[in-house]
Amino acid sequence: MPPKPNIILVLTDDQGHGDLGCHGNPVLRTPHMDALHGVSFRLSNYHVGPTCAPTRAGLYTGHYHNSTGVWHTIGGRSLLRRDEWSLADALSGAGYATGLFGKWHLGDAYPYRPEDRGFQEVVTHGGGGVGNTPDYWGNAYRDDHYRRNGQWRPYEGYCTDVWFREGLGFIERHRAEPFFCCITTNAPHSPYIVDPEYAEPYIGRVEHRDRANFNGMIACIDENLGLLRRRLDEWGLAENTLLIFMTDNGTSGGATPGADGHILAGYNAGMRGIKGSEYEGGHRVPCFLHWPAGGMAEGRDIPQLTANVDLMPTLLDLCDVDPGAHTFDGRSLAPLLRGDAADWPDRIMVTDSQRVTRPIKWRKSATMTGRWRLVNGVELYDMPVDPGQRRDVAAEHPDVVARLREGYEAWWAVVSRQFDGTIPIPIGTVPGEVTLLNAHDWRNDPVECAWNQSLVREGLQANGYWEAEIAAAGRYRFELRRWPREEDRPMAEGIPGEVTPYNDLARGYGGGRALGLVRARLRVGDRVLEAEVPAGACDVAFEADLRLGETQVQTYLFDAEGAEWGAYYVYAWRLPG
């Protein structure tokens, strides 16, 4: 057996199965991804969540995402339950240096941050993408501020280049010991922003500029992947490094579906559906594994049904890390990787896209075996003969439908146990340490929140509460803001200029709407405090003596006519003494 491998996970955002040259894309050039494909074991029937945060929850825990509390990307349901044991927890406990560089999307406040979940070195943006509400104000893909182990600091360059540069620095520092390095790009997620040199080869060859930029973002990732592999060779690390390349859900910008999910323009490798869809194009993604010392140095397809929940048990198995009493919904793929598939079961697995306050049974679901897909509990597709999912054969195979529905019911019984549980953000764990509550994590129905900075600038009229936990009895201070501290602008004032929609961020943010706020209210559990907004004030602060325990925090900002908004940013802390 080779020594424990180093592990590098390159995880891209919203790049679908068809967004690679090696998967037949007729326009997009990805020479380095194609080269890795040629020397890797490829999980060719590999499935994830149809959206970002759910995929990450399943990947890092080995548990179905709904059971971890992560079934949305906003609204307080992208926070990974604090009792989950993560892949980074396991590997750091086994002596690995652990680092994450790029997108996390499983919580921005303690104890949900990557540095709280086993990652020793972290450089990341806030929320689910650059320019989301928890991100540093004004971040726009180039020369941004990113959070390094909890502290914001400036970085030069384009975001993708920063993530790979920081990842390579981590690898170089830890080359003499086992390491686990996650390079998790926010690209090619919208807004589609990239240097013109990467997009120009696609202008005039695809339907519109956004698609050219989307392809250019992937081309930039591809270039960095090539640099990563060259550095591994130069440092003598390539032989015993397990390099994994995968994406987090179906394409967002590479194809245009019709109302039924069938593709009208672009390329999607013959699949129906894109990001967010229960059809194959929403959740079947590439996953390449390359580890020369482990016998994975030549191209080979592994066609058995596999999923993101299999990665954690697989990596612990390959690294000889004992999970102890921890269990997984996935299973180790080590037998398949070693060529021992004789006793591999034809499992029933489920993925779904909820994006609601509380999961709804059968909603946007795919119940899968190696051969079959049961969509939303009613449509049945025979994938070997109908990979484009054009012919529903449920009426011809009622026995298959019944078996798959039974499998879904068993899955639902597991994942639904904690649907009504809370996932609170602690306040006051350390006296004086500030917790930022922001509108990205508002709880309300139907999940309406200012999740990106353009919506904050626009002044989205919405409100919600935060699930919170008062960590210790004492006196607390809450600072309510319409603008974040980095902007430090009077609450009643706007920013000159027209507001730019988030997906047009390449044009710059523009201005921000003046709301004319005159009054503020804070509710913490059954405590309600109210005050006027002083002229020129950048915040309204309240203090209250609070009891230990879980509670709800909600804010209200009013203009002179009584129109109501929630405070997009609340800074809260326990006062010393």
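Residues numbered from 1 in each chain as written. Predicted model: local features only at pLDDT ≥ 70, side-chain atom pairs only at ≥ 80, totals over all residues. Heavy atoms only, no water.

**Looking at the overall build of the chain**
Here is step 1 of the chain: From N to C terminus, the chain includes 11 helices and 30 strands.
Here is step 2 of the chain: Over its C-alpha atoms the chain spans a radius of gyration of 24 Å, differing by no more than 12% from the 25 Å that the globule rule assigns to 577 residues.
Here is step 3 of the chain: Along the three orthogonal principal directions, the C-alpha set of the chain runs to about 70 × 55 × 55 Å.
Here is step 4 of the chain: Contacts in the chain between residues at least 24 apart in sequence constitute 68% of all its contacts with a sequence separation of at least 6.
Here is step 5 of the chain: If you sum the accessible surface of the chain, you get close to 20500 Å²; carbon and sulfur atoms cover 48% of it.
Here is step 6 of the chain: In the chain, 58 side chains carry a positive charge and 77 a negative one; their mean positions are 1 Å apart. (Helix = DSSP H or I, 4+ residues; strand = E, 2+ residues; numbered from the N terminus. Rg over C-alpha atoms; globule rule 2.2 N^0.38 Å. Contact = heavy atoms within 4.5 Å. Areas by Shrake-Rupley, 256 points an atom, 1.4 Å probe, with all protein chains shown as cover. Lys, Arg positive; Asp, Glu negative; His and termini not counted. Charge placed at Lys NZ, Arg CZ, Asp CG, Glu CD.)

**With respect to the nonpolar core**
Here is step 1 of the chain: With 51 residues, the main nonpolar core has Ile-8, Ile-171 and Leu-228 as its most contacted residues.
Here is step 2 of the chain: Looking at this core, the elements that each hand over two or more residues are strand 1 (6-12), helix 1 (31-38), strand 4 (97-102), helix 4 (159-173), strand 8 (179-184), helix 5 (196-199), helix 6 (209-234) and strand 9 (241-247).
Here is step 3 of the chain: With 10 residues, helix 6 is the largest single contributor of residues to this core.
Here is step 4 of the chain: The next biggest cluster of nonpolar side chains, apart from the first, holds 49 residues, and it includes Ala-520, Val-540, Tyr-569 and Ala-572. (Core = buried A, V, L, I, M, F, W, Y, C linked by side-chain atoms within 4.5 Å. Buried < 20%, exposed > 50% of the residue type's maximum accessible area, 1.4 Å probe, protein only.)

**Quick word on unusual backbone geometry**
Here is step 1 of the chain: A cis amide bond links Tyr-110 with the next residue in sequence, Pro-111, at an omega value of 5°.
Here is step 2 of the chain: Positive phi, close to 45°, is recorded for Asp-488, a residue that is not glycine.
Here is step 3 of the chain: Judged by relative accessible area, which is 43%, Asp-488 ranks as partly exposed.

**So, the pattern of salt bridges**
Here is step 1 of the chain: For the structure shown, the criterion picks out 33 salt bridges.
Here is step 2 of the chain: Close ionic contact of Asp-488 with Arg-481 constitutes a salt bridge, the shortest N to O distance being 3.0 Å.
Here is step 3 of the chain: For Arg-481, a relative accessible area of 5% puts it in the buried group.
Here is step 4 of the chain: Arg-481 serves as the salt-bridge partner of Asp-539, at 3.6 Å between the closest nitrogen and oxygen. Here the residue Asp-539 occupies a position in the loop between strand 26 (527-532) and strand 27 (540-546), and Arg-481 occupies one in strand 22 (residues 474-481), the gap between them amounting to 58 residues. (Salt bridge = Lys/Arg side-chain N within 4 Å of Asp/Glu carboxyl O.)

**Concerning the sheet that holds strand 15 (residues 349-352)**
Each strand in a sheet pairs with its neighbour through backbone hydrogen bonds, running either in the same direction (parallel) or in the opposite one (antiparallel).
Here is step 1 of the chain: Taken together, the 4 strands give an open sheet; going across it, the order is 15-16-17-18, and neighbouring strands pair in antiparallel fashion. Edge positions in the open sheet fall to strand 15 and strand 18 (379-382), since each of these has one partner strand only. Recorded for the sheet is a direction-independent mean angle of 20° between the axes of neighbouring strands.
Here is step 2 of the chain: Strand direction decides the pairing type here: strand 17 (residues 372-375) and strand 18, joined by 4 bridges, are antiparallel. Residue Arg-373 lies in a different strand from strand 18, and its bridge partner there is Tyr-381. (Pairing = 2+ DSSP bridges. Axes fitted to C-alpha atoms, helices over the stretch in contact; angles between N-to-C directions.)

**Digging into the packing of helix 1 against helix 6**
Here is step 1 of the chain: Where helix 1 meets helix 6, the closest approach of the two axes is 7 Å, and the angle between their N-to-C directions is 55°. If you check the angle between helix 1 and helix 6, you find them oblique. Contacts from Pro-31, His-32, Met-33, Ala-35 and Leu-36 of helix 1 reach helix 6 at Ile-218, Ile-221, Asp-222, Glu-223, Leu-225, Gly-226, Arg-229 and Arg-230.
Here is step 2 of the chain: Among the residues making up the contact of helix 1 with helix 6, the classes are represented as 7 nonpolar, 2 polar and 4 charged. (Parallel < 35°, antiparallel > 145°, perpendicular 65-115°, else oblique. Nonpolar A, V, L, I, M, F, W, Y, C, P; charged D, E, K, R; others polar.)

**Quick word on the packing of helix 4 against helix 6**
Here is step 1 of the chain: Close contact between helix 4 and helix 6 brings their axes to 10 Å; oriented N to C, the two are set at 15°. Considering their axes alone, helix 4 and helix 6 lie roughly parallel with respect to each other. When you trace helix 4 past helix 6, the crossing you get is right-handed. When helix 4 is examined against helix 6, the residues Thr-160, Asp-161, Phe-164, Leu-168 and Ile-171 are found in contact with a partner set consisting of Cys-220, Ile-221, Asn-224, Leu-225, Leu-227, Leu-228, Arg-231 and Leu-232.
Here is step 2 of the chain: Residue classes in the contact of helix 4 with helix 6 are distributed as 9 nonpolar, 2 polar and 2 charged. (Left-handed = near helix turned anticlockwise from the far one by under 90°.)

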